[in-house]
Amino acid sequence: MQSLGRHIIVEFYNCSPEKINNVSHIEQSMLKAAELAGATIINSTFHHFSPFGVSGVIVIEESHLAIHTWPEYQFASIDLFTCGELVNPWISFDHLKNEFEAEHSSSIELQRGQPHLLKKITLDKPDVRDQASKTDRQITYQRSIWFTERDDNIALSLRHTGDILYYKQSEYQKVEIIDSLAYGKTLILDGMIMTTEKDEYVYHEMITHIPSLVHPKLEKVLIIGGGDGGAARELLKHDTIQQIDLVEIDACVIEASKQFLPGIASSFSDPKVNTIVDDGIAFINNCESEQYDLIIVDSTDPVGPAEGLFTKTFYQQVHRCLTPNGIMVTQSESPTFNTHVFQEIQQCYKQIFGNNNVHPYLAYIPTYPSGMWSFSFCSKNSLHPIHDLDKQKAMAFTKQHPCKYYTADIHQAAFVLPQFVQNLINTKKKMKNILSN
Ligand code: SPD
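I will try to describe carefully the structure that is included in this document. None of the values given here were measured: they were computed from a predicted structure.

## A closer look at the packing of helix α1 (residues 23-37) against helix α2 (residues 89-99)
The interhelical angle for the contact between α1 and α2, taken along N-to-C directions, is 155°, at an axis separation of 8 Å. Relative to α2, the element α1 is oriented roughly antiparallel. Along this stretch, α1 crosses α2, giving a crossing that reads as right-handed. Between α1 and α2, the residues in contact are H25, S29, M30, K32, A33, A34, L36 and A37 and I91, S92, H95, L96 and E99, respectively. Here the residues of the contact of α1 with α2 are counted per class, giving seven nonpolar, four polar and two charged.

And the structure:
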């Protein structure tokens, strides 16, 4: 025996960026590589990090295979560590090079543990060994595949089945649906969680029922974004609404949601819902004045295609398109996670709607960064989200349409803000970022 273990350190260059950013493909390729090499698989863990990169390890009876990828450099770094004569790590090497479409590679083989330099002792514990080998035989392989939404300092990971149900790089963004174990099917845009089957109700009930139960006669509504259909589904519960125009920039979001999130996307077939695939900014610029009683901005975060929805110019256009008694409600990011955006956006709304007509409120959404999420209620005239709430009407509504988060009391409570959030709102900040546009 030359050594106790063989350790091949591998660098793969010019790989396919898609292949080495796809956690499922990497997991399957690594498992196959272990199997072809003759190894016995015990366990595996793979994490995908947004927007790029996968880390993973497969524990085999004969040690481990590990990987980390940098799709932005088309580079993958791999450790193939095996023990015993029966496993050949070079077979894994060949398989992985092929699967990741690496154009070239470099590798070093280290012999780990030179027997002639080591002193072997006799471990006289036959009972423990027998026990261990019996347990070994009962090991069943468990997959552990994770999606991670990662910021510089915070990350949220969801374990999922490993099957990517939908994956398209659309004209605007990367659209994915995974099946997470804790939150069900999950829509992810450019690596950011947009909605999950298990907690979507919080967001969709709170972005719709609050304005709908304050406006005295809601008839015509515009949703900008909202391509998963959840906001439209909730709005349809309000009988006075005659028409909902839903303007979503990305047809892939609608397609993915209809196919894999039918419970959320159930509203698209309703005759009151008029789906328009268009850029929300162009739509609002071309819209006639005073058209809508309620405009809901159900956008993604202020990066990528939604960036233009977080500008002063855009909100001025929204204000113009509201009827005189109209309301705008936006998702206004997290006061803890996107503090600057939250703070700037409040000032921007006040400049357009007036100091007394902007009312941020909060809800708790477990799969969004920090869990604390804000919405903003802005009225063109002076409808007040609490003073103009008819509580009896709200209670009758929830009796007829039982909600999972919204209640008449939650409606009022959502506007009670923690001190630090009040401080953010009341502290003037120089608008130097996106909202100065
Ligand atoms: N960070 C997540 C913010 C997502 C806001 N929009 C979600 C769309 C749900 N209809």
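Next, the rest of the story.
## Some points on the packing of helix α8 (residues 312-321) against helix α9 (residues 339-353)
Between α8 and α9, the least distance of the axes is 10 Å, while the angle of their chain directions is 40°. In terms of axis orientation, α8 runs oblique to α9. Note that α8 runs across α9; the crossing there is right-handed. Where α8 abuts α9, its residues K312, Y315, Q316 and H319 lie against I345, C348, Y349, Q351, I352 and F353. Across the contact of α8 with α9, the residue classes tally to six nonpolar, three polar and one charged.

## Focus on the environment of Q2
Position of Q2 relative to the elements: it lies in the segment before β1 (5-13). In the structure, Q2 is positioned 49 residues away from P51 in sequence and 43 Å away in space, judged by C-alpha atoms. Look past the residues within four positions of Q2 in its chain and what remains in contact with it is Q111, Q114 and P115.

## Some points on the sheet that holds strand β3 (residues 54-60)
Across the sheet, eleven strands lie side by side as β6-β1-β5-β4-β3-β2-β7-β8-β9-β10-β11; this open sheet has mixed pairing. Each edge of the open sheet carries a strand with a single partner, namely β6 (104-112) and β11 (192-196). Strand-to-strand twist in this sheet, taken as the mean axis angle between neighbours without regard to direction, amounts to 25°. Sitting on the sheet, α2 touches β1, β4 (63-70), β5 (75-83) and β6, and the angle it makes with β1 is about 15°. Helix α6 (residues 251-260) contacts β8 (155-169), β9 (174-180) and β10 (184-189) of the sheet and is inclined by roughly 105° relative to β8.

## Considerations on the layout of surface pockets
Of the voids in this model, the largest pocket is the one considered here, and its volume is about 470 Å³. E149, D151, M192, F337 and N338 are, among the 23 residues lining the largest pocket, the residues nearest its centre. Partitioned by chemical class, the residues of the lining of the largest pocket number twelve nonpolar, four polar and seven charged.

## Concerning α1
Compared with an ideal rise of 1.5 Å per residue, which puts 15 residues at 21 Å, α1 spans 21 Å between its outermost C-alpha atoms and is within 8% of the ideal. In terms of burial, α1 is a largely internal element, eleven of the 15 residues being buried. Next to the buried residues of α1 lie β2 (41-49), β3, β4, α2, β7 (145-150) and β8. Of the residues flanking the start of α1, the one acting as N-cap is N22, its side-chain oxygen 3.0 Å from the backbone nitrogen of S24.

## Quick notes on α6
Side chains three or four residues apart in an α-helix point the same way, a direct result of the helix having 3.6 residues per turn. For α6, the full list of buried residues reads C252, V253, I254, A256, S257 and F260. Buried positions along α6 lie against β8, β9, β10, β13 (243-248) and β14 (273-277). Among the residues of α6, the N-terminal cap falls to D250, whose side-chain oxygen and the backbone nitrogen of C252 are separated by 3.0 Å.

## Digging into the pattern of salt bridges
Tallied over the full model, the rule gives ten salt bridges. Taking the shortest distance from any N to any O, the salt bridge between K237 and E234 comes out at 2.9 Å. According to the relative accessible area criterion, K237 is partly exposed, its value standing at 22%. Linking D409 and K391 is a salt bridge whose minimum nitrogen-to-oxygen distance equals 2.7 Å. Placement of D409 in helix α11 (residues 408-413) and of K391 in helix α10 (residues 391-400) is noted, with a sequence separation of 18 residues between them. The exposure class of K391 is partly exposed, given its relative accessible area of 27%.

Reading the values: the criteria
Residues numbered from 1 in each chain as written. Predicted model: local features only at pLDDT ≥ 70, side-chain atom pairs only at ≥ 80, totals over all residues. Heavy atoms only, no water. Axes fitted to C-alpha atoms, helices over the stretch in contact; angles between N-to-C directions. Helix = DSSP H or I, 4+ residues; strand = E, 2+ residues; numbered from the N terminus. Parallel < 35°, antiparallel > 145°, perpendicular 65-115°, else oblique. Left-handed = near helix turned anticlockwise from the far one by under 90°. Contact = heavy atoms within 4.5 Å. Nonpolar A, V, L, I, M, F, W, Y, C, P; charged D, E, K, R; others polar. Pairing = 2+ DSSP bridges. 1 Å grid on protein atoms, 1.4 Å probe; cavity = no way out; pocket = protein on both sides within 12 Å on 5 of 7 lines; lining within 4 Å. Points joined across faces, edges and corners; volume = space filled by probe spheres on them. Expected span 1.5 Å × (residues − 1). Buried < 20%, exposed > 50% of the residue type's maximum accessible area, 1.4 Å probe, protein only. Polar contact = N/O pair within 3.5 Å; in protein donor to acceptor, adjacent residues only side chain to side chain. Salt bridge = Lys/Arg side-chain N within 4 Å of Asp/Glu carboxyl O.

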